[in-house]
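Observations on chain architecture
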Amino acid sequence: MNSNQKPKTIIDKIWDKHVVKAIDPETSVFYIDRHFIHEVTSPQAFSGLNNRGLKVARPHKTVATADHNIPTQNQHLTIHDELSRLQVNTLNKNCAENGIELYGLNHPYNGIVHVIGPELGITQPGMTIVCGDSHTSTHGAFGTIAFGIGTSEVEMVLASQCLILSKPKRMRINVDGKLGKGLKSKDIILYIISKISASGATGYFVEFAGSAIRDLSMEARMTICNMSIEMGARGGLIAPDQTTYDYIKGREMAPKGEEWDKDLAYWKTLPSDPDAVFDKELYFDASDIEPMITYGTNPGMGLGISEKIPTLDEIEPQSHASFKKSLEYMGHSPGDEMLGKKVDYVFVGSCTNGRIEDLRAFAGFIKGKKKAENITAWIVPGSKQVEAQAKKEGLDKILAEAGFELRQPGCSACLAMNEDKIPEGKYAVSTSNRNFEGRQGPGARTMLASPLTAAAVAITGRITDPREFLLETEKI
Amino acid sequence: MPIEKFVKLTSTCVPLPVENVDTDQITPARFLKATTRQGFGNKLFFDWRYAPGGKPREDFVLNNPEFSGSILVAGKNFGSGSSREHAAWALYDYGFKVVVSSFFADIFKSNALNNGLLPVQVSEDFIARIFEAIEKDSKTTLTVDLENQTISIDSLQISESFEISAYKKSCLLNGYDDIDYLVSKSAEIERWEEADTLNA
Ligand code: SF4
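Basis of the calculations
Residues numbered from 1 in each chain as written. Chains lettered and ligands numbered in written order. Predicted model: local features only at pLDDT ≥ 70, side-chain atom pairs only at ≥ 80, totals over all residues. Heavy atoms only, no water. Near = heavy atom within 4 Å. Nonpolar A, V, L, I, M, F, W, Y, C, P; charged D, E, K, R; others polar. Buried < 20%, exposed > 50% of the residue type's maximum accessible area, 1.4 Å probe, protein only. Helix = DSSP H or I, 4+ residues; strand = E, 2+ residues; numbered from the N terminus. Pairing = 2+ DSSP bridges. pLDDT = per-residue confidence, 0-100. Phe/Tyr/Trp six-rings, centres within 6.5 Å; stacked < 30°, edge-to-face > 60°. Lys NZ or Arg CZ within 6 Å of the ring centre and 35° of its normal. Contact = heavy atoms within 4.5 Å. Axes fitted to C-alpha atoms, helices over the stretch in contact; angles between N-to-C directions. Core = buried A, V, L, I, M, F, W, Y, C linked by side-chain atoms within 4.5 Å. Buried area = accessible area lost by both parts, 1.4 Å probe. Salt bridge = Lys/Arg side-chain N within 4 Å of Asp/Glu carboxyl O. Parallel < 35°, antiparallel > 145°, perpendicular 65-115°, else oblique. Left-handed = near helix turned anticlockwise from the far one by under 90°. Right-handed = clockwise from strand over helix to strand, strands pointing away. Expected span 1.5 Å × (residues − 1). Arc of directions from axis to C-beta. Patch = residues over 30% accessible without salt bridge, like charges linked within 9 Å, V, L, I, M, F, W, Y side chains within 5 Å. Areas by Shrake-Rupley, 256 points an atom, 1.4 Å probe, with all protein chains shown as cover. Lys, Arg positive; Asp, Glu negative; His and termini not counted. Charge placed at Lys NZ, Arg CZ, Asp CG, Glu CD.

A few words now on the site of the ligand. Looking at the ligand, the residues that line it are His68(A), Ile112(A), His114(A), Asp133(A), His135(A), Ser350(A), Cys351(A), Cys411(A), Cys414(A), Leu415(A), Asn433(A) and Arg439(A). The class makeup of the residues in the shell around the ligand is 5 nonpolar, 5 polar and 2 charged.

Printed below as a string of structure tokens:
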């Protein structure tokens, strides 16, 4: 840092570098380095472009995948659902016509957009990344400004590689201390959201920092950044460090040779300057966290697994109506204990927890045990590469011995656009990111948790603290 | 697609005093399989509007003939969750021109503005006054004046100002959209790319 320059946060450093032109003091033309698209939020953008007689400005900066709509069984067959098939075919056609790289169904690189970007080395520190999908914040784990956009904005990026934006405020969330055994980064982020609410970071871009964050692997960091949108944040990021560089090095699209050295030198300038000032700072202690579970219909309605659902006196009066509506939907009562509640479905997957470390954690936990009879479980890898790796490591066999089946990759029950829908009124413990009404199917009742908690539930058929098993065996 | 101009609007309103209305409620995921922007109004709040089997739920406000108008008044943190622009399309296609709330999710706000749907953020206090006024008289009208950035409860003659970026305001007042602007700047964008040494 030059001594006469104001100290900057990592958010300012990346943001300011991508401003092409200021329109007025708050608004600027902002450059996008990488654009991901998928079948659901792109068709109207391409037709908009066509109607205007425009072409895709920088086809090589956009990468496409089919993920939201696709089946997770028999992917080699034609897609059964007519509308889903049309959407996937429309994506294929739009990519072919515009020269966009497509990792479509059955391509060895196919998978959930936020899983494949990092695993292919496309996501790199310092970049600006957008996608017509709110969980684009996942890529922030690499020290990028990454955020979800709407379809009109997808069209803008296709047309110009730019967006018109105003700069968000900056927040830093510091998590220090040691995370206990049987806990995952999913518990950290569910804990933070439960403390600050589903709108606690709206208007902000968030940097996650502190020793508990530094201790995490890249995959665990992605889980944290993935859910920053669930507290309303425009996006969330973690400064790159050796863990980041080690993860990227050698990946398919990572820089190589001299280019690597040059990029690495730049990446190392990105972390926030020591005296940089954030608009807001929050502090949490990882040792206060126990395995988390949600009880309501937004991700902020979460609690430690041994806690009870709040009673009405603990809720602000103006929120009573919404709170009651939510518990009624879930079939829970105020003051209920979560532990021991019966569960019908377990879903392990999504861009939050569908990576190889998640499958390893789940398989490691259930190894040698048996799936509870009342549980239907869907174990869905986040990508083709995750699926292949899981098979290489024999995780599919461990799963099969315990009564589980590894499906094919896709978004699956995370948003239930394909056949994987939780039936009305049924309870699902899910490693995905949203417990909204009907998110996993009309009338479905979702409780969000980590892959380890999901594993404990899958074995007992009830809400169970995964640490009960760990204390017995101390295996993990 | 250029957006419709918005200058000033006086209308009765539809009250939805629920907090954290997420975009999965506004347009459920199973309706996202369309490849065009049209026709989402029928899908608006589908699972709140219709019981399984398709019968309208009488207790939902859109099925209550007492309430109508092109202004939706909703509880705080409206439009959270998914980035699906289908939520903004559904509201607009249904006939809403303005959504009033004490707090909006960021992506929803930009999606709305990009479609000519004006999100008006007011204080908790003011929104409580609106809900009260509608409860007393379902034909209460609000006036939203974009030029002056004010929203008024007409019968009470009270108003509050709201914020909107100068750029977005001029787009709405004139019916311009961002793509026209961005495409007109393509030479500048190219020069910027050339100067950016790290641009891969
Ligand atoms: S897995 Fe879920 S959250 Fe992630 S991109 Fe797919 S639908 Fe969205």
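As a further point, take the pairing of strand 15 (residues 345-348) of chain A. The side chains of a regular strand alternate between both faces of the sheet. All names here are of chain A. Residues Tyr345 and Phe347 line one face of strand 15 and the alternating positions Val346 and Val348 line the opposite face, and both faces are buried. Two strands pair when backbone bridges link them, and strand 15 and strand 17 (residues 427-430) are joined in this way by 3 bridges, in the parallel orientation. Among the inter-strand pairings, Phe347 is bridged to a residue of strand 17, identified as Ser430.

On to the confidence of the model for chain B. For chain B, per-residue confidence averages 94 on the pLDDT scale, and residues scoring 70 or more make up 98% of the total. Both confidence scores are given for the complex: pTM 0.95, ipTM 0.92.

For the structure shown, the criterion picks out 21 aromatic pairs over all chains. A ring pair is formed by Phe45(B) and Trp48(B), whose centres lie 5.7 Å apart and whose planes are at 0 degrees; its orientation type is stacked. When sorted by exposure, Phe45(B) lands in the same class as Trp48(B), which is buried. Each residue in the set Tyr245(A), Trp260(A) and Trp267(A) is aromatic and connected to the rest through ring pairs, giving one cluster. Between Arg251(A) and the ring centre of Tyr247(A), over which it is positioned, the NZ or CZ distance is 3.7 Å.

As a further point, take the environment of Ile116(A). All names here are of chain A. Inspection of the secondary structure puts Ile116 in helix 4 (residues 113-119). C-alpha of Ile116 to C-alpha of Thr65: the two residues are 51 residues apart in sequence and 8.7 Å apart in space. With residues near it in sequence (within four places) discarded, Ile116 still touches Thr65, Tyr103, Tyr109, Asn110, Gly111 and Ser383.

Turning to the sheet that holds strand 10 (residues 204-209) of chain A, a few remarks are in order. Hydrogen bonds between backbone groups are what pair the strands of a sheet, and the pairing can be parallel or antiparallel. Residue and element names in this part refer to chain A. Here we have 4 strands laid out as an open sheet, ordered 11-10-9-12, and parallel in their pairing. Of all the strands in the sheet, the pair left with one neighbour each is strand 11 (235-237) and strand 12 (280-285). Geometrically, the sheet is characterised by an average inter-axis angle of 20 degrees between neighbouring strands, direction not taken into account. Pairing geometry for strand 9 (residues 169-176) and strand 12, over 6 bridges, is parallel. When the sheet's bridge partners are listed, Ile173 is paired in strand 12 with Leu282. Running over the sheet, helix 6 (residues 185-196) touches strand 9, strand 10 and strand 12 and is turned about 125 degrees from strand 12.

It is worth spelling out the nonpolar core at this point. Residue and element names in this part refer to chain A. Residues Ile173 and Phe208 are the most contacted members of the largest nonpolar core, which totals 89 residues. For this core, the element with the most residues is helix 6, which contributes 7 residues. Setting aside chain neighbours within four positions, we find Phe208 in contact with Ile173, Ile189, Ile192, Ile213, Ile224, Cys225, Ser228, Met231, Gly236, Leu237 and Ile238. Ile379, Val386, Val457 and Ile463 belong to the second largest nonpolar core, which has 57 residues in total.

This part is about helix 8 (residues 218-226) of chain A. Structural remark: α-helix, 3.6 residues per turn; residues separated by three or four positions point the same way. The buried fraction of helix 8 of chain A amounts to 9 of the 9 residues, a majority that puts the element mostly inside the structure. Of the residues making up helix 8 of chain A, those classed as buried are Met218(A), Glu219(A), Ala220(A), Arg221(A), Met222(A), Thr223(A), Ile224(A), Cys225(A) and Asn226(A).

With 69 residues of chain A in contact, the opposing surface of chain B contributes 55 residues. Regarding the contact of chain A and chain B, the summed buried area is about 5,200 Å², with carbon and sulfur atoms giving 55% of it. It is Gln44(A), Arg52(A) and Ile164(A) that lose the most area in chain A upon contact with chain B, and together they represent 12% of the buried surface on that side. In this structure, the connection of chain A to chain B is made through 8 salt bridges.

Here we come to the sheet that holds strand 8 (residues 162-166) of chain A. All names here are of chain A. Taken together, the 3 strands give an open sheet; going across it, the order is 1-2-8, and neighbouring strands pair in antiparallel fashion. Edge positions in the open sheet fall to strand 1 (19-24) and strand 8, since each of these has one partner strand only. Taken pair by pair, the neighbouring strands of this sheet meet at an average axis angle of 25 degrees, ignoring direction. Judged from the 4 bridges that link them, strand 1 and strand 2 (residues 27-31) form a sheet pairing that is antiparallel. Directly across from Lys21, in strand 2, lies its bridge partner Val29. Relative to strand 1, helix 1 (residues 10-17) is tilted by about 90 degrees, and along the sheet it contacts strand 1, strand 2 and strand 8.

Residues and elements named next belong to chain A. Where helix 6 contacts helix 8, the two axes come as close as 8 Å, and the packing angle between them is 20 degrees. With respect to helix 8, the axis of helix 6 lies roughly parallel. Here the hand of the crossing between helix 6 and helix 8 comes out right-handed. Contacts between helix 6 and helix 8 involve Ser185, Lys186, Ile188 and Ile189 from the first element and Ala220, Thr223 and Ile224 from the second. Per-class residue counts for the contact of helix 6 with helix 8 are 4 nonpolar, 2 polar and 1 charged.

Next up on the list: the pairing of strand 3 (residues 98-101) of chain B. Residues and elements named next belong to chain B. Neither face of strand 3 is open: one carries Val98 and Val100, the other Val99 and Ser101, and all of them are buried. For the segment spanning strand 2 (residues 71-74), helix 3 (residues 86-94) and strand 3, crossover handedness is right-handed. Relative to strand 4 (residues 118-121), strand 3 is paired through 4 bridges, and the arrangement is parallel. For Val98, the partnering residue across the bridge sits in strand 4 and is Leu118. Between the parallel elements strand 3 and strand 4, the chain passes through helix 4 (residues 106-113) in a crossover that is right-handed.

Mapped onto the elements, Ser84(A) comes out in helix 3 (residues 82-98). Owing to a relative accessible area of 1%, Ser84(A) belongs among the buried residues under this scheme. Look past the residues within four positions of Ser84(A) in its chain and what remains in contact with it is Asn69(A), Ile79(A), Met417(A) and Lys33(B).

Quick look at the pattern of salt bridges now. All names here are of chain A. What the rule picks out here adds up to 33 salt bridges over all chains. A salt bridge links Glu437 to Lys325, with the nearest nitrogen and oxygen atoms 3.0 Å apart. Residue Glu437 is located in the loop between strand 17 and strand 18 (445-448), and its partner Lys325 is located in helix 11 (residues 320-330); the two are separated by 112 residues in the primary sequence. By relative accessible area, Glu437 is classed as buried at 14%. The salt bridge involving Arg360 is made with Glu393; its shortest N-O contact spans 2.7 Å.

Turning next to helix 5 (residues 124-136) of chain B. All names here are of chain B. With 13 residues, helix 5 ought to run about 18 Å at 1.5 Å a step, and its terminal C-alpha atoms sit 19 Å apart, in line with that. Taken together, the buried positions of helix 5 are occupied by Phe126, Ile127, Ile130, Phe131, Ala133 and Ile134. In an axial view of helix 5, the angular spread of the buried residues amounts to 160 degrees, which keeps them on one side of the axis. Set apart from the buried face of helix 5 by more than 90 degrees, the exposed residues are Asp125, Glu135 and Lys136. As for helix 5, its buried residues are in contact with strand 1 (8-16), strand 2, strand 3, strand 5 (141-145), strand 6 (150-153) and strand 7 (158-161).

Taken together, Glu316(A), Glu124(B), Asp125(B), Glu132(B) and Glu135(B) make up a surface patch of like negative charges. One can find Glu135(B) in helix 5. Taking relative accessible area as the criterion, Glu135(B) reaches 72% and is therefore assigned exposed.

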